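In case you want the letters, here they are:
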Protein chains: 2
Amino acid sequence: MEGHQVRALYDFTGQPGTAELSIIAGETLTVMRDNVGDGWCEGFNQSGKSGLFPAAYVQVIESSAPVSSSMTVSQQSSGDFWDDDWDDDSEIGQTQAYVPVTNQQQQAMHIALQSNSTDSGNSIPIHTIHSVIPERPISNVPKKNNKFSTIIKSGEDSFLLGTKVINVPESEKLFIKENEDGRCVWVPSGESYNCVITSPKKESKLKGLKSFIVYQLTPTFNNIQVSRRYKHFDWLHERLEQKYCFIPIPPLPDKQIAGRYEEQFIEHRRTQLQEFVDYVCRHPVLSRSRVWDHFMICTDEKRWKAGKRQAEKDELLGENYFNAIQCIDTPLDAIKVEIQIDAFSRYINGLDPVVKNFMAMAVDQAKKHQQLYKREFQKIGQSFCSLGHALEGDDSDHRRLTHALKVTGEAYNDIGHLYKEQPKFDWEPLADKFHIYRGIISNFPDVISIHKSAIQKRKDCERLVAEHKMETQQLREMSHRTDIIARTLMAEETHFQSERDIHINQAMKTHLQEQISFYKKIVNKLEEALNAYVD
Amino acid sequence: MEGHQVRALYDFTGQPGTAELSIIAGETLTVMRDNVGDGWCEGFNQSGKSGLFPAAYVQVIESSAPVSSSMTVSQQSSGDFWDDDWDDDSEIGQTQAYVPVTNQQQQAMHIALQSNSTDSGNSIPIHTIHSVIPERPISNVPKKNNKFSTIIKSGEDSFLLGTKVINVPESEKLFIKENEDGRCVWVPSGESYNCVITSPKKESKLKGLKSFIVYQLTPTFNNIQVSRRYKHFDWLHERLEQKYCFIPIPPLPDKQIAGRYEEQFIEHRRTQLQEFVDYVCRHPVLSRSRVWDHFMICTDEKRWKAGKRQAEKDELLGENYFNAIQCIDTPLDAIKVEIQIDAFSRYINGLDPVVKNFMAMAVDQAKKHQQLYKREFQKIGQSFCSLGHALEGDDSDHRRLTHALKVTGEAYNDIGHLYKEQPKFDWEPLADKFHIYRGIISNFPDVISIHKSAIQKRKDCERLVAEHKMETQQLREMSHRTDIIARTLMAEETHFQSERDIHINQAMKTHLQEQISFYKKIVNKLEEALNAYVD
C-alpha cells in the first residue's frame, strides 16, 4: 500500500552519497515502497525529500486512542488483525518492527471488522490476509549482523553525549558490581528458576486450514502452564534483541518449512527451544526481563495482547537502555580495559570457527548414527539372521546354533536401533547447546563494537578538549558513560565465562555419561547374544 | 619347447566332436604346444594323431634312473632346478602337474649342472630361469570348478567298473564307520593335534634380488619348527586337491601381488594360513595325510625334496583313492541315500550365497572399522581438542575445563585407534573363517556330483542287467563301490555338520566376546574422559 503515513520513532542520519534519507524522531513520513529489502523503506518527508530509511525506525500512524486506555473497538479489531498474523505458522520471521498493510489486507480487515460487529467479536479473519509472506529469506545468521543492527548502534551517540534524558523506572534498572577479583558482574536479583517446555502438540484453526505446533511452558516458580508457538518465540526473540543491544541474545532454533509436523522434528524443536529458554533463565538480566516475564507467565489472552503491544512500543531499548545501568562510578583504567577487551575480542574471534566446526561435527555425528551406522548394524543383523536360517537346513539337531545366530542377528538389529535413537541423548543435545553458543559468539563482535566505537568517540572528544573545543566536565561525563558501556561488556564477558565453566562443563559431562550408557547398552545386547551360544 | 616327449599317466577319453585327443596310460606323446590354457597341452601320439590332452595326465620323460632308487646326479640337479621355481614368490600358482621346460631353462639347467659339479652341489641356479611366469591368471575360484576337475571325475569309471586293480598300502587306508545314529563318519586315528604358524618374516635370496615371506610352523605333537612359504602352501594345496577328490579342500588365502611385504598384510596372511592349517588339523583324513605330514614335519632339505617328488608322483589320487576306503559292506538303501544327499545338496546350494554375503559383510565391516569409523572418531577427537584449545584463551583459571576437553579429544582419538585395531580380533578372523567355509561350500557340489554320476552309472548298469547285457555279480560289485562313494560323501557331510556345530559355534562366540571387549574398551576410554571433568 503506497502513500500511507508513518511516524519516525528515532533519529536516523543517512550516509552521505547514498540513497539514505535522514529522519528526525517525531516527523511524519509518507511510505512509497514498503519493503525494498533488509528492513528498509522508501518514502519522503514533509519537505518532499525522498530516500531510504530503516523500517524499524518508524511506526504506522494509528488511531488517536491512547495506548494505556482500555481497548476501543478499532484497536481491538486492529489487534485481532495483527494477532492474526500469529496464526501463520510458516515460521518465516516477522522481524521487522514495521510490517506494512496491503490493500488486500485492509479490505480483509474491514470485512473482519464488519463480521466482528455482528458476531460479537469472536470471528476469525478470513484467510486471504495470510498471503502476505515477507520477502526476507529464511536466515540462520544472527540478526545483529545486518545493516539494521549497525544503524541501531550508530545511535549510541545520544547516550554517550547525554543528549537524550531518559527516565528509567526502578523496575527496569540493571545493576553491575565488581567482584572480589575485580571482575564486573551482573547483580542477580531474585531466586533462580527454570522454565520447562513440554507436550508440543499440533493444533489447528480455520477448520484445519491452518496448523501449528503449541508448546507448553511451565516456570518452576509458579507451576502455571502457558501455551506458546514458535512464532511467539520469534516475537520474543526480536524484542530481546532490540531491547538488549549489549547482551548477545541466544538464537532460536533455525527456521524450517519442510517436515515441521513430523513427530521427530517437533520433539527435537522442543529440546532446542528448551536450550534457548534455559539460557535465558540462567542469564541474570534476561531472566528478569519484563517481556520474557510476560511471555512466560501471561495466560490471559487480553492481557497477553496488551502486554505484547506495550512491549512493542517500549522505547527503553537499544542504546537508550544504557541509561538503565547502575554501577559504581570509579573511573576505569582505560589501558587495562583496552587490553582486557582486546584479549576477549581475539578470544571470541578464535572461538567462532571452532564452535561452528564443533556444532557441525555433532550434527554430522547425529545424522550418521541415525542413518549410516543404523543401516550398517542392520546389515550385520541381516547377515547373521540369514546365516542362521541357511545353516538350519532340515535338521532339527542343529537348532541351537541357528537359534543363537538369529539371536545374534536380532542383537545387531537392536544395536542398529540404538544407534538411531541415541543421538537425541548425546550428539543432538550437544549440537543444540553449541547452536546457542555459536549464536552468542557470532553476536559478541557487534556487542564489542559498541564499546570500541564509544572508546573511539571518547578519544575524539579528548582531542577536542585538548584543542579547547570541548569542556572538561563534558568529557568527564562522557567518560563515565563510556565506562558504563565497558562495565556492561565486561559483565557480559564474566557471564559468558561462567557459562563456559559451569554449563559447557556440565554439557560435556552429560554427553559423556550418555555415550557411556550407550556403549554399555551395546555391550549388554552382545552379551545377551553370547548367552545364546552353548559349549 | 616344442617337440619334447611326455608319458601319459592315465587314460583320457577325448570328447567326440572336439579337438581333444584320447590318450592311454603309458603311451608316449610329443608336445607341440605346452600351454594352450586351462591346463591343456597340444601334441600327437605315436600313430601321429594330434589334439589336446590334459597336462596333468602326462609326465615329462626324464632320465632312465629308477624312481625308487637313491638320487643320481642328474636327478639331484634336476631337483635343484625344479626347486628353484620355489624361489619365485610371485604367488602365481604352479597348479599344473606338468610344467614344461623352455630352451632357456634347459640351458640354465646345464649351466647349473656345470657349476654344481665344481661348487659341490651348493650353487644357486642363475636367475634367468625365473622368467617363466605361467600364463594362468590369478584366480580366487576354487580349482575344482574347472574343466580339469571335470576330467578327473570322468575317470571315476575305472573305480566303479573295477577295471583298474590298485594295491593300497595299509598306511593309506581310510576307514568309515556308522555311528549310533546311523551316520557315516570318518574313523579318527591318532591323537588330535594342532599346528601353530608364527613369526612370518621377510627373507631374500640372490643378494636381495628375490624376496619372500617365510612362516614358521610348529606342530603341537613334536614342537619342532619348520619354515614354509606361501608357495609351499600352494603346492600342498594342489596335492591335497588332486589326491582327495571326495573331500572339499579348504581354500588358501587369496593370492595377492601388490602390498605383499607390508607388515599388516603379512600378519593377516599368517592368520589366514592358520585358518587353513586349523581346518586341515581338524579334518580326520586330511590331518593324517602323508603329504601334509611331510609338509608339517620335514626339516631336512634333501628329504624335503625327495618327499616332494614322491608326493608329485603319487598315483593313489583322484578316483583311484576310492580304492583306499574301508567301510562295512551292508548295502545302502538307495532311496534313503538319494533323499539325504538331495537334501544336503539343496542345503549346500542354499548356504553358498549366504556364506558369500556373510563373508563380504565381515570384510566390509573390517574395512569400515579400519578406515571410515577410525576417521570419524578422529574427527570427533580433533573437534574436542580444538574446542579445548580455543576455549582456553589467556585465562589460566579455566584450564580445568579445557584440560578435560583435551582429555576427551584424546579419548575419542584413542577410540578411533581402537576401531582401526579391532577388526583383527573380530571381523577379520570371522571373514577368514568364512573364507574357508565359502571354499568348502563351493567345492561341495563337485564332490556331490561324483556321487550323483556314480548313481547314474549304476542305474545305467541296472538297465543293462535287466536287458541281460551285464552280469548280476558285476552290478553287485559296482553297487558296493557306489555305496563306498556314497558313504564317503556322507562321512564328509557329517564332518561338515560337526564343523558347523562346534567350530562355527566357537567362532561366533569368540567374535562376540571380542566385540564385547571392544565396546567395553570404548566405555573405559569414555569413563577416563568423564573423570577429567569436575563438579
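Residues numbered from 1 in each chain as written. Chains lettered and ligands numbered in written order. Predicted model: local features only at pLDDT ≥ 70, side-chain atom pairs only at ≥ 80, totals over all residues.

An unreviewed UniProt entry lists chain A under the name Sorting nexin lst-4, from Polistes dominula. Recorded in UniProt under Sequence similarities (unreviewed entry), the annotation for chain A is "Belongs to the sorting nexin family." (UniProt positions renumbered as here; feature names shortened; annotations may be inferred.)

A. The overall build of chain A, seen in detail. When helices and strands are tallied, chain A shows 12 helices and 11 strands. Expressed as a percentage of its 535 residues, the buried residues of chain A come to 38%. The long-range fraction of contacts in chain A, counting pairs at least 24 apart against all pairs at least 6 apart in sequence, stands at 71%. (Helix = DSSP H or I, 4+ residues; strand = E, 2+ residues; numbered from the N terminus. Buried ≥ 20, exposed ≤ 12 C-beta atoms within 10 Å, placed from the backbone. Contact = placed C-beta atoms within 7 Å.)

B. Region of interest: the pairing of strand β6 (residues 174-178) of chain B. Residue and element names in this part refer to chain B. Where β6 and strand β11 (residues 325-326) come together, two bridges link them in parallel fashion. Bridge assignment links F175 to a residue of β11, and that residue is Q326. Examined bridge by bridge, β6 and strand β7 (residues 184-186) share three bridges and lie antiparallel to one another. For K177, the partnering residue across the bridge sits in β7 and is V185. The turn joining β6 and β7, which pair antiparallel and follow one another in sequence, is formed by five residues; a positive phi near 80° is taken by G182. (Pairing = 2+ DSSP bridges.)

C. Representation of the packing of helix α9 (residues 334-392) of chain B against helix α10 (residues 399-421) of chain B within the structure. Residues and elements named next belong to chain B. At their nearest, the axes of α9 and α10 sit 7 Å apart, and the two run at 170° to each other. In terms of orientation, α9 and α10 fall into the roughly antiparallel class. Broken down by class, the residue content of the contact of α9 with α10 amounts to 12 nonpolar, 11 polar and six charged. (Axes fitted to C-alpha atoms, helices over the stretch in contact; angles between N-to-C directions. Parallel < 35°, antiparallel > 145°, perpendicular 65-115°, else oblique. Nonpolar A, V, L, I, M, F, W, Y, C, P; charged D, E, K, R; others polar.)

D. Structural context of the relation of the copies chain A and chain B. Superposition of chain A onto chain B requires a rotation of 180° combined with a translation of 0.1 Å along the rotation axis, giving an RMSD of 0.2 Å. These values place the two chain copies in the arrangement generated by a two-fold rotation axis. Among all residues of chain A, the one whose C-alpha sits closest to the rotation axis is Y519 of chain A, at a distance of 3.0 Å. Same-surface contact between copies: 100% of interface residues of chain A are shared with the interface of chain B. (Least-squares fit on C-alpha atoms with pLDDT ≥ 70 in both.)

E. Up close: helix α9 (residues 334-392) of chain A. In this model, α9 of chain A (59 residues) spans 83 Å end to end at C-alpha, consistent with the 87 Å of a helix rising 1.5 Å per residue. The axis of α9 of chain A is deflected most strongly, by about 45°, at K368 of chain A. (Expected span 1.5 Å × (residues − 1). Bend = angle between axes of the 7 residues up to and from the residue.)

F. Geometry of the interface of chain A and chain B. Taken together, the contact pairs 45 residues of chain A with 45 residues of chain B. Looking at the side of chain A that touches chain B, the element that brings in the most residues is helix α12 (residues 472-531) of chain A, giving 19 residues. Classifying every residue of the side of chain A that touches chain B gives 24 nonpolar, 12 polar and nine charged.

G. Representation of the environment of T494 of chain A in the model. Within the secondary structure layout, T494 of chain A lies in helix α12. Look past the residues within four positions of T494 of chain A in its chain and what remains in contact with it is R183, C184 and V185 of chain A.

H. Seen up close, the packing of α9 of chain A against helix α11 (residues 427-466) of chain A. All names here are of chain A. Two elements in contact, α9 and α11, have axes whose closest approach is 8 Å; the angle formed by their N-to-C orientations is 155°. The orientation of α9 with respect to α11, classified from their angle, is roughly antiparallel. The two elements α9 and α11 meet at a crossing, and its hand is left-handed. Residues that form the contact of α9 with α11 fall into these classes: 18 nonpolar, six polar and four charged. (Left-handed = near helix turned anticlockwise from the far one by under 90°.)

I. Local environment of the sheet that holds strand β4 (residues 50-54) of chain B. Residue and element names in this part refer to chain B. Pairing in this open sheet of five strands is antiparallel, and the strands run β4-β3-β2-β1-β5 from one edge to the other. The strands lining the two open edges of the sheet, one partner per strand, are β4 and β5 (58-60). The sheet shows a mean angle of 50° between the axes of neighbouring strands, taken without regard to direction.

J. A look at the pairing of strand β8 (residues 195-205) of chain B. Residues and elements named next belong to chain B. Relative to strand β9 (residues 210-219), β8 runs antiparallel, the two being bridged by nine bridges. Among the inter-strand pairings, T198 is bridged to a residue of β9, identified as Q216. Hairpin connection between β8 and β9: a loop of four residues separates the two successive antiparallel strands, and L206 in this loop has a positive phi of roughly 50°.

K. Summary view of unusual backbone geometry. If you check the backbone angles, S199 of chain A has positive phi at about 35° while not being a glycine. If you trace the backbone, S199 of chain A turns up in strand β8 (residues 195-205).

L. Region of the structure containing the environment of A404 of chain A. Residue position: A404 of chain A is located in helix α10 (residues 399-421). Along the backbone, A404 of chain A and Q515 of chain A are 111 residues apart, and their C-alpha atoms lie at a distance of 28 Å. The residues touching A404 of chain A, leaving out its near neighbours within four places in the chain, are A532 and Y533 of chain A together with M508 of chain B.

M. The arrangement of the sheet that holds strand β5 (residues 58-60) of chain A in detail. All names here are of chain A. As summarised here, the arrangement of the five strands in space is β4-β3-β2-β1-β5, forming an open sheet in which the pairing is antiparallel. Both outer strands of the open sheet, β4 (50-54) and β5, are each paired with one neighbouring strand and no more. With direction set aside, neighbouring strand axes in the sheet form an average angle of 50°.

N. The nonpolar core, seen in detail. One finds Y244, A362 and F434 of chain A together with Y244, A362 and F434 of chain B to be the most contacted residues of the largest nonpolar core, which totals 190 residues. The contact partners of A362 of chain B, leaving out residues within four places of it in the chain, are W427, L430, A431 and F434 of chain B. (Core = buried A, V, L, I, M, F, W, Y, C linked by C-beta atoms within 7 Å.)

O. Highlighting the confidence of the model for chain A. Residues and elements named next belong to chain A. Per-residue confidence for chain A gives a mean pLDDT of 79; residues scoring 70 or more make up 78%. Across residues 63-154 the pLDDT falls below 50, and counting only partners more than four positions away or on other chains, this stretch makes 120 contacts in the model. ipTM for the predicted complex: 0.72, alongside a pTM of 0.72. (pLDDT = per-residue confidence, 0-100.)

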